[in-house]
Amino acid sequence: MRKQRSGEEKKLLIKDETGDHIDCGSPAANLHKKRKSVISDQTDPSAGRGTKKSRRQVKAMDQITNPVDLISQLPTHLTHHILSFLRCKKDAARTSTLSKRWRDTWASYSSLEFDQRKFQKQLKKVHHHSKKQYLKIQRKTIGERFRKNEMFRAFVENALQTRSEQKTSIEKFRLHLTYFSLELSDHIDRWIDFAATCNMKELDLFIPSKNIKRYHLPQIVFAASTLTALRISGCELKILTDVNLFNLQKLCFSKLHIDEQIIQHLMLSCPLIDDLRLIFCTGLKTLLLSSDKLERVDVHFCYGLKNVEVLSPYLQSFWYHGNKSQRCKINLAMCKDLKRLHLEDANMKDDRFQTLLSNFTVIEQLSLSKCNSLKHITISSHRLKSLALRECSWLAETDIDTPNLLSFEYKGQHMPFSSLNPTLLVEAKLHFETPVFRLGDDSKLWFYKLLSFLGKFDRSKGLKLIVCSGKNVIIHEDLREMLVPEHFELKLEIVKSSTSLDSLLDNLLRAWPPETLSVVSSTTSEFPEQLHWKMADKEKEPSCCSYNSVNNKCWKHFLKDISIENLRDTEKKSDWTNWLKSSAPLVNKMTCFRLNWKRRQE
């Protein structure tokens, strides 16, 4: 019997080395060995290898207990697609250690991304260990810049040489430069030409330009028939002749000089474009788009643009950010199926907005930002689910009739939405800036309206209210007991109670790291203790996001310590502390924490 079990264990080890993912130490594998030995014990010794029935039982047990790795059985192009969603390329590379199958997948991973910003950060880390050497390098700025550019160029060419030996297609080719000289043009041409011959599907170029120093985009880009997505920033477009992009679906031009003829020629030559974005482009006066495929159009800060007309019956999303110094007429009358509308237009008046909005009967998201000419508007829709009003300075009154609204956001100095019924809202963000509290007696009326508005949420169970003022935060676990300061700049947020504690802390402490955090809750609630435990119980050197840059690390890396503060004995003197002391008797239970943060440079 021992020999038989040893043989089985040997087979399992062999399977593991060939990539079948058999874990001999897993419960399934142990169960397999245990059941097999039981079956073998039941076999008649005189029968040698056992009866046919026992062998069938063993085979059946093998099929039941062997773990099945479904992900590794996916086609290669799907595993490549999974890798493309990983936030960090190091994580994608780590998958190569899983098995031979994943090593082959990573070796053939077809995304080539060359970002000079990240390359230079790595060089700084290498030189940072020697302060004298680093200062010496800083004195030789011009020579060092040339050396870094040469190193980056060599890095790209070596990587492409390795890829050419593998003879695999390229899913995505991305090149982001921080510096461009005319001497680089020939190199960039060769890089793009190589990617085009490898049947690339996505091309993303960011090449900075200064005055006449512009990179001229080669014609081969517009002859790459396999392209499905094209994003170009900072280049010079020559006269387009033969365009062979019949598979192109997404097109984004940024910081380019273009005209109406270029856009019209591309739209006619690329019949599958469903996503068009123009950002900081010049040369356009009129933008006329006619296509049955267009689903999204973005036009952001295109100087000189005076008319935008989209003749697309299936358009789903339209984003427009205009310049303050110019007026632009927008015509979306044919876009009856529009669901998402985002406008930032300082010159759009009430009547033009109402005419525009009246065309969209199925709209679900509406966002108005810095529309400073709006004063009195009406927003009425039974389909609208998300509404945002941000920094519309002169907006005095908004009549809102949206019975199915789920999300609402407001940022400004006034409160022009008293008619809004928040019964069904599951989230709300309100940011009131300081000047509103300098209106004398009018501030009391405004504050009464605010409390009345927040009081409407009492009917909506399962919501939390977060009040931020300066470096101070209050979390209300129950909206029936609300403490809202009357004389401080306010930022309020209402979220679902079902929101996890981790998500709540991540959103709050990363964006708004407070000095004090108070919790208003019932006397039986365990929420303050859970909050304290989550913030206090952490590693000295958190490894949660160690691969990110310093500016992207989460709050766990910067919170030194947290302590429970007794309001009666605190030595901290401030208007906020005095207000908390006077407000404490108004609620059942208040727990106050003081947070001590590291500086980002530490």
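In this text, all values refer to a predicted model and were calculated from it rather than measured experimentally.

Topic: the overall build of the chain
When helices and strands are tallied, the chain shows 16 helices and 26 strands. For the chain, with 602 residues in total, the buried portion stands at 43%. Contacts in the chain between residues at least 24 apart in sequence constitute 50% of all its contacts with a sequence separation of at least 6. For the chain, the accessible area works out to roughly 33900 Å², and carbon and sulfur atoms hold 51% of it.

So, the sheet that holds strand β13 (residues 329-331)
With parallel pairing, the three strands of this open sheet are ordered in space as β9-β11-β13. On the outer flanks of this sheet lie β9 (286-290) and β13, each paired with one strand and no other. Strand-to-strand, the axes of this sheet are offset by a mean angle of 5 degrees, without reference to chain direction. Relative to β13, strand β11 (residues 307-311) runs parallel, the two being bridged by three bridges. Residue pairing for β13: V308 is matched across the bridge by I330.

Let's talk about the packing of aromatic side chains
Considering all chains together, one arrives at twelve aromatic pairs under this definition. An angle of 70 degrees between the planes, with centres 5.1 Å apart, marks the rings of F417 and F453 as edge-to-face. Here F453 lies in helix α13 (residues 442-455) and F417 lies in the loop between β19 (407-412) and β20 (427-432), a separation of 36 residues in the sequence. Under the relative-accessibility criterion, F453 is labelled buried at 3%. Between F432 and W446, the aromatic rings sit 4.8 Å apart at their centres with planes inclined by 85 degrees, giving edge-to-face as the arrangement. On the criterion of sequence distance, the pair formed by F432 in strand β20 and W446 in helix α13 is long-range, its members being 14 residues apart. Taken together, the aromatic side chains of F408, Y410, F417, F432, W446, F453 and F457 make up a single cluster linked through ring pairs. Directly above the aromatic system of F527 lies the positively charged group of K464, at a separation of 5.1 Å from the ring centroid.

Here we look at the confidence of the model for the chain
Per-chain confidence: the chain averages 80 in pLDDT, with 72% of residues scoring 70 or above. For residues 1-50, every residue scores under 50 in pLDDT, and the model assigns this stretch 46 contacts once sequence neighbours within four places are set aside. Segment residues 125-129: pLDDT under 50, and four contacts once partners within four positions in sequence are set aside and those in other chains are kept.

Describing helix α12 (residues 350-357)
All buried positions along α12 are accounted for by D350, F353, L356 and L357. Projection of α12 onto a plane perpendicular to its axis shows the buried side chains occupying an angular sector of 130 degrees, all on one side. Across from the buried face of α12, at angles greater than 90 degrees, the exposed residues are D351 and T355. Buried residues along α12 sit in contact with β13, β14 (340-344), β15 (365-369) and β16 (376-380).

Points about the side chain of H187
By the secondary structure assignment, H187 is in helix α10 (residues 185-197). A residue is classified by how much of its surface remains accessible, and H187, at 18% relative accessible area, is buried. Engagement of the side chain of H187 in a polar contact is seen with the side chain of E157, the distance being 2.9 Å.

Describing the packing of helix α14 (residues 501-511) against helix α15 (residues 527-536)
Packing of α14 against α15 leaves a shortest axis separation of 11 Å and a crossing angle of 65 degrees. Classified by chirality, the crossing of α15 by α14 is right-handed. Judged by residue contacts, L501, D502, L504, L505 and L509 of α14 engage F527, Q530, L531, K534 and M535 from α15. Taken together, the residues that form the contact of α14 with α15 break down as seven nonpolar, one polar and two charged.

Some remarks on the state of the cysteines
Counted under the stated rule, the structure contains zero disulfides. The thiol sulfur of C281 is not disulfide-bonded, and the nearest other cysteine sulfur, from C302, lies at 4.9 Å. Judged by its relative accessible area of 2%, C281 is buried.

Points about the pairing of strand β21 (residues 463-469)
The element β21 is largely enclosed, with a buried count of seven among its seven residues. Neither face of β21 is left uncovered, since the one carrying L463, L465, V467 and S469 and the one carrying K464, I466 and C468 both have all their residues buried. Bridge count for β21 against strand β23 (residues 490-496) is six bridges, and the pairing is antiparallel. Counted as the bridge partner of K464 is V495 from β23. Here β21 runs beside strand β22 (residues 472-476); their pairing, made up of five bridges, is antiparallel. In the sheet register, I466 faces β22, and the bridge partner there is I475. Here β21 hands over to β22 after two residues, with G470 in that stretch at a positive phi of 60 degrees.

Procedures and definitions
Residues numbered from 1 in each chain as written. Predicted model: local features only at pLDDT ≥ 70, side-chain atom pairs only at ≥ 80, totals over all residues. Heavy atoms only, no water. Helix = DSSP H or I, 4+ residues; strand = E, 2+ residues; numbered from the N terminus. Buried < 20%, exposed > 50% of the residue type's maximum accessible area, 1.4 Å probe, protein only. Contact = heavy atoms within 4.5 Å. Areas by Shrake-Rupley, 256 points an atom, 1.4 Å probe, with all protein chains shown as cover. Pairing = 2+ DSSP bridges. Axes fitted to C-alpha atoms, helices over the stretch in contact; angles between N-to-C directions. Phe/Tyr/Trp six-rings, centres within 6.5 Å; stacked < 30°, edge-to-face > 60°. Lys NZ or Arg CZ within 6 Å of the ring centre and 35° of its normal. pLDDT = per-residue confidence, 0-100. Arc of directions from axis to C-beta. Polar contact = N/O pair within 3.5 Å; in protein donor to acceptor, adjacent residues only side chain to side chain. Left-handed = near helix turned anticlockwise from the far one by under 90°. Nonpolar A, V, L, I, M, F, W, Y, C, P; charged D, E, K, R; others polar. Disulfide = S-S within 2.5 Å.

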